[in-house]
Amino acid sequence: MNKRIILTASFFGVVAVLLGAFGAHGLKALIDAPSLEIWQKGVDYQFYHTFALLYLSTFARYRNKLINIAYFCFTFGIVLFSGSLYLMATRSISHLGFTEFIGPLTPIGGLLFVLGWIMLFFAAFKDK
């Protein structure tokens, strides 16, 4: 479990750095300022929850069910929340037809983030 959490966090961390650099240097001339802010919000929240995953790995040695739930909430929260923001920010250049329907995924990802933090709270509370 600990190894899986660290590998997942490492992957999301690398992707966040790459997407942040791409947004700052590659997208700047291609999308408008509000879309660039949406992109940056996705990168920010991906970073926040990458660090949450890394912290979560310190609890993984206890094999607590709450840690496992928090792991899945943070992981799928990143995919849904940040992923939907990346797609919405680039819809003007990607011309993908389904991007207008992904708006509801963002709050679902946000809810998963909240649930992940709640699970982490209870895991820490249960820790002896």
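Just so we're clear, the structure is a prediction, and the values are computed from it rather than from any experiment.

Conventions used here
- Residue positions are given per chain, counted from 1 along the sequence in the order it is written.
- Where totals are concerned, whole chains, interfaces and linings use all residues; where local detail is concerned, this predicted model gives features only for residues with pLDDT of at least 70, and gives and counts side-chain atom pairs only at 80 or more.
- For the side-chain quantities, the full set of heavy atoms in the structure was used; hydrogens and water were omitted.
- UniProt positions are given in the numbering used here, feature names are shortened, and annotations may be inferred rather than shown by experiment.
- Helix and strand assignments come from DSSP, with helices taken as H or I runs of at least 4 residues and strands as E runs of at least 2, each series counted from the N terminus.
- Note on terminology: a nonpolar core comprises buried Ala, Val, Leu, Ile, Met, Phe, Trp, Tyr and Cys residues joined through side-chain atoms within 4.5 Å.
- Exposed residues in this analysis have more than 50% of their type's maximum accessible area, buried residues have under 20%, and partly exposed residues fall in between, with area computed by a 1.4 Å probe over protein chains only.
- Polar contacts, as used here, are pairs of N or O atoms within 3.5 Å; protein pairs need one atom able to donate a hydrogen and one able to accept it. Residues neighboring in sequence count only if both atoms are side-chain atoms.
- Note on contacts: a residue pair qualifies if any of its non-hydrogen atoms lie within 4.5 Å across the two residues.
- For helices, the fitted axis covers only the stretch in contact; all axes are lines through C-alpha atoms, and the angles between them, taken along N-to-C directions, range from 0 to 180 degrees.
- The scheme is simple: roughly parallel for angles under 35 degrees, roughly antiparallel for over 145, roughly perpendicular for 65 to 115, oblique for anything else.
- It is the rotation of the near helix from the far one that decides the hand of a crossing: anticlockwise by less than a right angle makes it left-handed, clockwise makes it right-handed.
- Under the scheme applied here, ten amino acids are nonpolar (Ala, Val, Leu, Ile, Met, Phe, Trp, Tyr, Cys and Pro), four are charged (Asp, Glu, Lys and Arg), and all others, including Gly, are polar.
- Only Phe, Tyr and Trp rings take part, Trp by its six-membered ring, and two of them pair if their centres are within 6.5 Å. Stacked means planes under 30 degrees apart, edge-to-face means over 60, and tilted covers everything else.
- Confidence of the prediction at every residue is given by pLDDT, a number between 0 and 100.

1. Some thoughts on the UniProt feature "transmembrane region" (unreviewed entry) in the protein chain
Next up, step 1: Per the UniProt record, "transmembrane region" (unreviewed entry) is annotated on residues 45–62, 69–89 and 101–125.
Next up, step 2: Between the first and last C-alpha atoms of residues 69–89 the distance is 29 Å; the span itself is 100% helix and 0% strand.
Next up, step 3: Annotated as 84% helix and 0% strand, the span residues 101–125 places its first and last C-alpha atoms 39 Å apart.

2. Considerations on the nonpolar core
Next up, step 1: Counting 21 residues, the largest nonpolar core has I5, L53, L56, I67 and F74 as its most contacted members.
Next up, step 2: W39, V43, Y86 and A89 belong to the second-largest nonpolar core, a separate cluster that totals seven residues.

3. A look at the environment of G103
Next up, step 1: Tracing the backbone through its elements, the reader meets G103 in the loop between α4 (91–94) and α5 (105–126).
Next up, step 2: By relative accessible area, which is 27% here, G103 ends up partly exposed.
Next up, step 3: Along the sequence, G103 and I6 sit 97 residues apart, while their C-alpha atoms lie 29 Å from each other.

4. A few points about the side chain of H49
Next up, step 1: Along the chain, H49 falls in helix α2 (residues 33–56).
Next up, step 2: Reaching out from H49, the side chain makes a polar contact with the side chain of W117 at a distance of 3.0 Å.
Next up, step 3: Dropping the residues within four chain positions of it, H49 is found in contact with F74, I78, F113 and W117.

5. Side note on the packing of helix α1 (residues 2–26) against α2
Next up, step 1: Where α1 meets α2, the closest approach of the two axes is 9 Å, and the angle between their N-to-C directions is 160°. Taken together, the axes of α1 and α2 are roughly antiparallel relative to one another. Crossing angle aside, the handedness with which α1 passes α2 is left-handed. Mapping the contact onto sequence places I5, T8, A9, F12, G13, V15, A16, V17, L19, G20, F22 and G23 in α1 and L36, W39, V43, Q46, F47, T50, L53, L54 and L56 in α2.
Next up, step 2: For the contact of α1 with α2, the residue count by class is 15 nonpolar, six polar and no charged.

6. A closer look at the packing of aromatic side chains
Next up, step 1: Within the structure shown, the criterion is met by 14 aromatic pairs.
Next up, step 2: Their ring planes at 50° and their centres at 4.8 Å tell us that W39 and Y86 sit as a pair that is tilted. With W39 in helix α2 and Y86 in helix α3 (residues 65–89), this residue pair connects regions lying 47 residues apart in the sequence.
Next up, step 3: Its relative accessible area of 5% is what places W39 among the buried residues.

7. Notes on the confidence of the model for the protein chain
Next up, step 1: Taken over all residues, the pLDDT of the protein chain has a mean of 91, while the share at 70 or more is 97%.
Next up, step 2: Model confidence for the protein chain, summarised as mean pLDDT per element, is weakest for α4 at 86 and strongest for α2 at 96.

8. A look at the environment of I5
Next up, step 1: Within the element layout of this structure, I5 appears in helix α1.
Next up, step 2: Judged by relative accessible area, which is 0%, I5 ranks as buried.

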